[in-house]
Amino acid sequence: MTLAQERALDRAMEARTRCPKCRRRYHHCLPLRTLGSCLECHDGTPADPANYVHESCHDLVA
């Protein structure tokens, strides 16, 4: 996989894993079609910090 392909894959996965409201990036795909955001933004369910990526240590997924 080339670096350009890896960046494109990371951008595609980011669209599925980043909440549009709080801008957190999670380790799993979010239910954006049904809820439109992460559970914390949708109904106040607190998110475990282990479930999302801390931006300071973020690198390409693949």
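The structure under discussion appears in the preceding block.
Residues numbered from 1 in each chain as written. Predicted model: local features only at pLDDT ≥ 70, side-chain atom pairs only at ≥ 80, totals over all residues. Heavy atoms only, no water.

(A) Spotlight on the packing of aromatic side chains. Enumeration over the complete set of coordinates arrives at 1 aromatic pair. The side chain of Arg-24 reaches across the aromatic face of Tyr-52, ending 4.5 Å from its centre. (Phe/Tyr/Trp six-rings, centres within 6.5 Å; stacked < 30°, edge-to-face > 60°. Lys NZ or Arg CZ within 6 Å of the ring centre and 35° of its normal.)

(B) Structural view of the environment of Thr-45. Assignment of secondary structure puts Thr-45 in the loop between helix H2 (39-43) and strand E2 (52-53). For Thr-45, a relative accessible area of 35% puts it in the partly exposed group. Discounting residues that sit within four places of it in the chain, Thr-45 has contacts with Leu-39 and Glu-40. Engagement of the side chain of Thr-45 in a polar contact is seen with the side chain of Asp-43, the distance being 2.7 Å. (Helix = DSSP H or I, 4+ residues; strand = E, 2+ residues; numbered from the N terminus. Buried < 20%, exposed > 50% of the residue type's maximum accessible area, 1.4 Å probe, protein only. Contact = heavy atoms within 4.5 Å. Polar contact = N/O pair within 3.5 Å; in protein donor to acceptor, adjacent residues only side chain to side chain.)

(C) Structural view of unusual backbone geometry. Positive phi is not limited to glycine here, since Arg-23 has a value of about 65°. Tracing the sequence through the fold places Arg-23 in the loop between helix H1 (3-17) and strand E1 (25-26). By relative accessible area, which is 49% here, Arg-23 ends up partly exposed.

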